[in-house]
Amino acid sequence: MLTKKLPPLQSFLVQVSRRASHVARQQYDVIVVGGGHAGTEAAAAAARVGAQTLLVSQKIHTIGALSCNPSLGGVGKGQLVKEIDALDGVCGRAGDWAGIHFSILNRSKGPAVWGPRAQLDRQRYREFIQSELLSTPRLTVLEGSVEELLVTEPNPEEPGQHRVTGIRLANESHPISASSVILTTGTFLSGSLFMGQTTSPGGRIGDAPSSAGLSHTLRERLGLRTGRLRTGTPPRIVKDSVDLSLAQLHPPDSHSTPFSFLNTHTRCKPEEQLPCYLTYTTPGVERVVKESLHLNCHIQQDTKGPRYCPSIESRVLRFPGRSHRVWLEPEGMTSDLLYPQGLSMTMPPDVQLRLIREIPAMHRAEIHTPGTLPDIYVCLQLTDLTVKFYLNASYFLGRWWFPGYGVQYDFVCPTQLSPALQVKSTQGLFLAGQINGTTGYEEAAAQGLWAGVNAARWALSMPAVALSRTESYIGVLIDDLVSRGVTEPYRMFTSRAEFRTTLRPDNADLRLTLKGFEEVGCVSSFRYQKAVRVRDSLQDALAALQSLALSPSIWRKKMPDIPMSETKNNVPTGMDILQYNDVSFETMASAFPECLSPYMEFSQRLKIEAVYRPHSEQQRKEIERIQREENMSLPQDIDYLSLPVSLSQEVREILDRVRPSTLGAATRLQGITPAAVVHLLNYVRHTGQKERRPHRYRTDQREDEEPRARNTSLPR
Amino acid sequence: MLPSVYHGVWRAAVHTLRTRGTPPCRLLSTAPLADAETIFALSSGHGRCGVAVVRTSGPASATALKHMAGLTRNLPPPRTALLRSITHPQSKEVLDRGLVLWFPAPHSFTGEDCVEFHIHGGPAVITAVLQALGSVAGMRPADAGEFTRRAFQAGKLGLTEVEGLGDLIHAETEAQRRQALRQMSGELGRLYQDWSHRLKRCLAHVEAFIDFSEDELIEDGVLNQVDSSVCDLQAEMERHLKDERRGERLRSGVQVVIAGATNAGKSSLLNTLCQRPAAIVSPIAGTTRDVVETALDIGGFPILLSDTAGLRDSPDLVEREGVRRARERVEQADLTLVVVDCAHLSSDAQQAAAFIQGHLTSVLPTQEQPESVFPTDRFLLVLNKSDLLPEEQKQKLDRELRCVSGLPPVCLISCHTNEGLQDFLTVLHSSVKTLCGDPLSGAPTLTQARHRAHLQQCFAALAQYQRYRDMDMALAAEGVRLALTSLGRITGRVGAEEILDIIFKDFCIGK
């Protein structure tokens, strides 16, 4: 994968269509709106599943741009990247291509919580994503603004049930029709920018027909509930103006570990990697924040802020008197900029400069002033609106700056989505990414991939597929979103996963690649074959280890260094011995070369497997129980308020509000009693026996072919 | 709500759906979904009784039977009573001499291997046998309704019985909730809550160390603090588990609480019932300010009678606390005697009934019965001071109130003249008798056994933290998670969000 030569960027720009009339067809299976992390994964996944897919982006330059931090992965997020890759997604391989500083976080804390992470070269990442999309069969890229989302009127028999029919672009008269539409428009919904006392509420600067039209459809016509969230980005610092000798050097790992299961090495040679730097805030930083509070309306307007600290302002206000970490991260191989992770701020630009200069290493630092306009488009993967605002702000300041700023935006409450990320009240409409209230590239990409898979399956009349929280972090992410909703930007932590010791980064391929090929259809057969080989070899190796059952004295003779405890087990097996802290598979293989040497390439995975296996066995029963619960679907059209079963009013209201899609999700709701669950189950079971009403929206031929495929009321 | 309660429901649910469209009877009598866990519980009622029945269900039943009935080789013939000495499986101490019965699968109530121990009915014997069963590997105390659910799962129950399952679970979890409340408000409850609180912080700090220490400034000392906390907790739990008295003697018996407005004659009723001036009686409203407890024997059943402060809004701090305690007692009670001064009742029966209805609602605990159905079996209405009414009105009231539906049983008495007292005692006796038939009411031994099992799991899980502390933080954290889950079965479930709350409060975590 890494050996291929990327086509020059220019060819991508030429090959994408800039006018809808140039698009070969006026009908697609799936249309993806937005070219960020969610949009690109969604488009690629839909095309892999087999759908004719159209990706519409306002600015083709910005497809695959890293709008905020130049890094991928981390603790929890790295697990997501591994899983996306296991499902044949793009971002893992893009990370291997663009990474310039690889490290495994949490190296000393156990393989289950290792966090693969990389600093990225923005340019290379964008190149890779664009080239990847270009070479994906069945995928067309189009530059344009979506003016309207086309939906049917609600069926009179089923009030509130709409169906997507396509989109209409600005300045085009002909609509483009599609069975599924995926919206991955990030912070566009009523987004407004904050810097100092300046704000630009949506719609006031210039006209933004696209976002206004979409917002209107989502809120007014489809009646979706929204909430408001905020995010921010730090100013970019000119590298040469920073005194790096005053900062702590953080070198990358000496062996760069790739994200992708397909790659054995990264594009960037280990010795060519760039370091990161660590500095700390000083009391001076706190002083500047406090002095400038009256100039900072983003912070003043903080109503129901998140529990964590998204900006330097909230850090020093909530944890005063401490010093906080500031990471200085490279932006690219040839970039002369540093990204100060931890210094997201929204004060006026002159105060921002004062603030960063309070940090010793940055006492003479300059905020980046981009020389030419296109760079801004590249860096700011935002809407027209925000770019215009930025231009206005820069104009008033008299020069091109890249200061930090805050964004407030609306998100669609994700409890209105099904586990397939489809809007429950609108068939064929899928949402993914920041629009669902998440933060982070990896979270967006994971949702994009899963929405893409299901949008394609919907369009191709295949039943929806779900990922369980027992088998993947993606499942945890989606289940948390659709069954609990969000009150602050949702970010993945390993502590959210109940079965963390099973959902490890090392085994993501075994958990997902096989299923991705056999059940989901989003994995290429090349990757599948590879995963099958890995699975079989691991099974053989584990069987070989298990059959190495020897008495302690023989073990001691063969491997004199191991601390054998006499009492523990009469005849310890190779698996038992490999669990020991200071026994590696390599040493074991050298003692038993005849049966273990064929598996040397999996030595690390085998060691991890041996350590975690006893715990996985313990968890298996609990996992099976949850999976059974998740397989029992609840019909989405139950009228809980008038259901003729014995349920308390309180329980009815909870069920009516959340509309859990499975009985498993229902049990996890606060306030649902076991008795309520039994009554509900009895009801479902009885109605399931009777003939359920025929399928509702029979408008085209394909749906007739699989009448039961989308009827979610029955367990499969 | 105990999370484990759900498990059984779900297993039952799975089975129901799998057998959809076919009669659910005896389809899966071999129970392929059978639990590896074996459950046990006291199946007979509480109260003074000659014989108590303890039942087990699950694969370890046979082992338990062999170990405890001294059967080294063969199991007894199925469904045949056998007189044996019942011994503790580890200490070999003889606990009792009684009958044992062996019901191999599938011909048993639950369709699994079952054993019944018929032992003597004293609380000491029951406790000893339950604890002995708990020490057998793979055995744990049954959750509410779990025997019934397993029977359901094995297709041993018909459709109508299945319909009633939800109500049964509700009733049983409700009884458990009352029981837990009772214990949680005491010393023991405070101890468990304190442990839970400390464990939560430990887990939050371990999770913060795992999720954030690479990017954020998490102080190096965090784990050391967790280490010492875990050590302390282990030591405290070990001491607690060894201490046979377990810190507090649980109150045994059916909990009966006297409640009502001030000056209705509640303390007089207590004194009348226990035939001694246990509580101060005066014509001044608000005389009783604290809970006055006295143990009684009603028709052979042990009851614990509590007199409480009259319910009213008072500016007096002491009285307000008294009223709060009174409400707490009503919430934990198995049976509440609502005392009403009948001089306050209108001579019109309709109006009187409405007054009583309103009065009852004010006595009811706030979070009672979502369906707003009045739980008549948990209340008795006592109309006191009947001597102040003219004879004619008395009879009319008595007659007409009996006809009003939705009211609990009504007794018209006078604590002054003892008029109507015999009738009242008969009604009280039958209510207590009904309650004692329910093995969950007033049976602290069962909850004790359950708590003990969960505490032992918690203790063992903390050892996992110690074992992996320097090898693998993920596995060490798993130990703390398990410990908190086990303790949470007593003190209430702890979700991931609660842990994140603590993390974000204690540490500065960025975007």
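Below: a short report on this structure. What you see is a predicted model; the values in this text were computed from it and never measured. (Residues numbered from 1 in each chain as written. Chains lettered and ligands numbered in written order. Predicted model: local features only at pLDDT ≥ 70, side-chain atom pairs only at ≥ 80, totals over all residues. Heavy atoms only, no water.)

Turning next to helix 5 (residues 122-134) of chain A. Residue and element names in this part refer to chain A. Given a rise of 1.5 Å per residue, 13 residues ought to cover 18 Å, and the 18 Å separating the end C-alpha atoms of helix 5 matches this to within 8%. Most of helix 5 is tucked away: 10 of the 13 residues are buried. Buried within helix 5 are the following residues: Arg122, Arg124, Tyr125, Arg126, Phe128, Ile129, Gln130, Ser131, Glu132 and Leu133. Looking at where helix 5 begins, the residue whose side-chain oxygen comes 2.9 Å from the main-chain nitrogen of Gln123 is Asp121. (Helix = DSSP H or I, 4+ residues; strand = E, 2+ residues; numbered from the N terminus. Expected span 1.5 Å × (residues − 1). Buried < 20%, exposed > 50% of the residue type's maximum accessible area, 1.4 Å probe, protein only. Polar contact = N/O pair within 3.5 Å; in protein donor to acceptor, adjacent residues only side chain to side chain.)

A separate point is the pattern of salt bridges. Residue and element names in this part refer to chain B. Scanning the entire structure with this criterion turns up 57 salt bridges over all chains. A salt bridge links Arg55 to Glu116, with the nearest nitrogen and oxygen atoms 4.0 Å apart. Linking Arg55 in strand 2 (residues 51-57) with Glu116 in strand 5 (residues 114-120), this pair joins segments that are 61 residues apart in sequence. You can call Glu116 buried: its relative accessible area is 16%. Residue Arg312 is joined to Glu319 by a salt bridge in which the shortest nitrogen-to-oxygen separation is 2.7 Å. We classify Arg312 as partly exposed; its relative accessible area is 34%. (Salt bridge = Lys/Arg side-chain N within 4 Å of Asp/Glu carboxyl O.)

Glancing now at the side chain of Glu313(A). Residue and element names in this part refer to chain A. Structurally, the position occupied by Glu313 is in helix 9 (residues 312-318). Within the buried core, Glu313 has no salt-bridge partner, and the shortest N-O distance to an opposite charge, that of Arg230, equals 8.3 Å. Beyond its immediate chain neighbours, meaning those up to four positions away, Glu313 contacts Val289, Asn296, Ile299, Ser344, Met345, Thr346 and Met347. (Lys, Arg positive; Asp, Glu negative; His and termini not counted. Contact = heavy atoms within 4.5 Å.)

Within a sheet, neighbouring strands are paired by backbone hydrogen bonds and run either parallel or antiparallel to one another. Residue and element names in this part refer to chain B. Overall, mixed pairing links the six strands, which are arranged 8-9-7-10-11-12 in an open sheet. In this open sheet, the two strands that pair with only one neighbour each are strand 8 (292-298) and strand 12 (410-412). This sheet shows a mean twist of 25 degrees between the axes of neighbouring strands, independent of strand direction. Note: strand 7 (residues 254-260) against strand 9 (residues 301-307), five bridges, orientation parallel. Paired with Val256 across the two strands is Leu305, which belongs to strand 9. Against the sheet, helix 10 (residues 317-332) engages strand 7, strand 8, strand 9 and strand 10 (335-341), with an angle of about 135 degrees to strand 7. (Pairing = 2+ DSSP bridges. Axes fitted to C-alpha atoms, helices over the stretch in contact; angles between N-to-C directions.)

Geometric descriptors of this kind do not, in isolation, establish any biological role.
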